[in-house]
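Breakdown of the fold
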Amino acid sequence: MTVFKKKPPSVLLGIALEDARVHVAFLKRSGGSVQILKSFSFDLSANPLSGDAAALGAEIKKKLQEHEISERKCVVAFPLHWILSLHTPIPDLPEEDIAAFLETEAERSLPYALDSLFISSSRCRFANGEQYNTMAAVPREQLTQLQELFRAAQLKPLSFTLGISALQSPEDLKEGPAIILRAGTKTLEMEITCDGGIAGLRSLEGALDTEAPQRIYADLVGRELRITLGQLPDQLRNSIKRIIIAGDRKTTERLAGELGPRAEAMGLHIEILNKCSGSLRVEPEGYDANPAVCAATRFLLQRKGTFEFLPPRVSAWKQLSAKAGPRKFAYAGGAVAAVAVLVAGAFFVQNWELSKLQRQWSLMEPRVKQLEEMQQEIKRFRPWFDISFRNMSILRKLTEAFPADGSVYAKTLEVRDINQVVCSGVARDTTSLYNMKEHLDNAKEIVEGSVKVESLSGKSPVQFRLNFRWAQGGGGEH
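Residues numbered from 1 in each chain as written. Predicted model: local features only at pLDDT ≥ 70, side-chain atom pairs only at ≥ 80, totals over all residues. Heavy atoms only, no water.

**Considering the confidence of the model for the protein**
Note the following rule: For every residue, the predictor assigns a confidence score, pLDDT, that lies between 0 and 100. In this description a helix means any DSSP run of H or I spanning at least four residues, a strand means any run of E spanning at least two, and both kinds are numbered starting from the N terminus.
Within the protein, residue pLDDT values average 83, and 88% of them lie at 70 or more. The secondary-structure element of the protein with the lowest mean pLDDT is helix H9 (residues 316-321), recorded at 52, while helix H1 (residues 53-66) shows the highest, at 95.

Now the structure itself:
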């Protein structure tokens, strides 16, 4: 998607959302640099994704009026935990086949249907020719909610982007790949850059104390760094030599101090980022790195962001063609005629296929009857023959136990020894997982007390493995 179709405005609002916390920066472009006119933060009464869009939009509008800001064009930066991410090695395929391969991987791995997501991707290529793709996705329902919110605030978003990626784009990192850590209001965000793209995105829930954000659990951060590095391709992992820390100045300095010995043990040195990328000239200097400032600065200086989530607008030509008057009926008549021809052709092909299949059936019918007689004999002499569709019943009960909001989803399902069921998957958090387990505990088809969580790993998301026994006869042992 091309973001900059027209000459960018000379003034712009940058808005960074962190759940109910909102950061606003009012910027003005002057030549090749950008000046910060105003910058402030405030809290909304509810989360923008779940609260009343009209009421929250009115709150934003009121705050802008209090600061005497009348500009309506804005760029919006999202927090990382609003994003679904998928990291995929790309096999040796022709370029024209890669898009289809990535779409198949997304359908298999993401917990939403593809038509309900807005997806943006970043790809990097290593010196040995290997390629790696990072896919970032936002549910369209969330984008609709945000568009309604900004419409109520009388604002016009020109871009929806990812806050951490606005601080430093891969093109800005001339010294090679790096790990970027950004200390947000409640979470610690991690981004791993590679040659020309993004190779990893993670939100480290629980790394910051929500009651005292300047308190950092450095052991947890160090462990997650080791896990993340271990999952990267060898060539990328060996080329990463530094960690760049951004965010509130006091928090970043504390994080750098506590994480320093652990980073040194992994062969990494730490840098603190106090401003946007060095290629972006922002005045005055010396402020804490702020996604609202960096995202708006990139737009004003026509530096395209790594990820873009703004849905495309309906073109003026399409809107005009919808109001074309009598010409529209002429086009509609032609379309109806074309459809009628296609339907008639489809019926002809269908009749021909049916006659062909009928001839084939006449040839195989005697053998089919013979097989049916054999099946009747099997049922007669094997009273234990199972026609209860046990596996389908198990799958249905599991589906009913999983929450409809996609906070828990399964990756594998095994049925062993007829009634022993093993399921592994991913949950947004342990609360969602144990809510699902409670539904299984209460199912009459499952042996009472047999639902066990075998293993848990990670914080958010949580990878799990559980098992239970399916009751013979649908609950006879309950």
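**A few points about the environment of Glu 68**
Rule in force here: Exposure classes here rest on a 1.4 Å probe applied to the protein chains alone. A residue is buried below 20% of its type maximum, exposed above 50%, and partly exposed in between.
Mapped onto the secondary structure, Glu 68 falls in the loop between H1 and strand E4 (73-78). Classification of Glu 68 as exposed rests on a relative accessible area of 70%. Along the primary structure Glu 68 and Lys 38 are separated by 30 residues, whereas in three dimensions their C-alpha atoms are 9.9 Å apart.

**A look at unusual backbone geometry**
Of note, Asp 19 is a non-glycine position whose phi angle comes to about 55 degrees, a positive value. Mapped onto the secondary structure, Asp 19 falls in the loop between strand E1 (11-18) and strand E2 (21-30). Although it is not a glycine, Glu 68 adopts a positive phi angle of roughly 60 degrees.

**A closer look at empty space enclosed by the protein**
Defined as follows: With a 1 Å grid laid over protein atoms only, a set of points is called a cavity when a 1.4 Å probe fits there but cannot get out and a pocket when it is open yet has protein on both sides within 12 Å along at least five of seven lines; lining residues have an atom within 4 Å of a point. Grid points are joined across faces, edges and corners, and a volume is the space filled by probe spheres set on the points. In this classification, the charged set is Asp, Glu, Lys and Arg, the nonpolar set is Ala, Val, Leu, Ile, Met, Phe, Trp, Tyr, Cys and Pro, and all remaining amino acids, among them Gly, are polar.
Applying the stated criterion across every chain, the model contains four cavities of 30 Å³ or more. As for the second largest cavity, its lining consists of Ala 16, Leu 17, Glu 18, His 23, Ala 77, Phe 78, Pro 79, Gly 163, Ile 164, Arg 182, Glu 189 and Pro 291. When residues of the lining of the second largest cavity are traced back to their parent elements, those giving at least two are E1, E4 and helix H4 (163-167). Considering each element in turn, the lining of the second largest cavity owes the most residues, three residues, to E1. In the lining of the second largest cavity, the residues fall into seven nonpolar, two polar and three charged.

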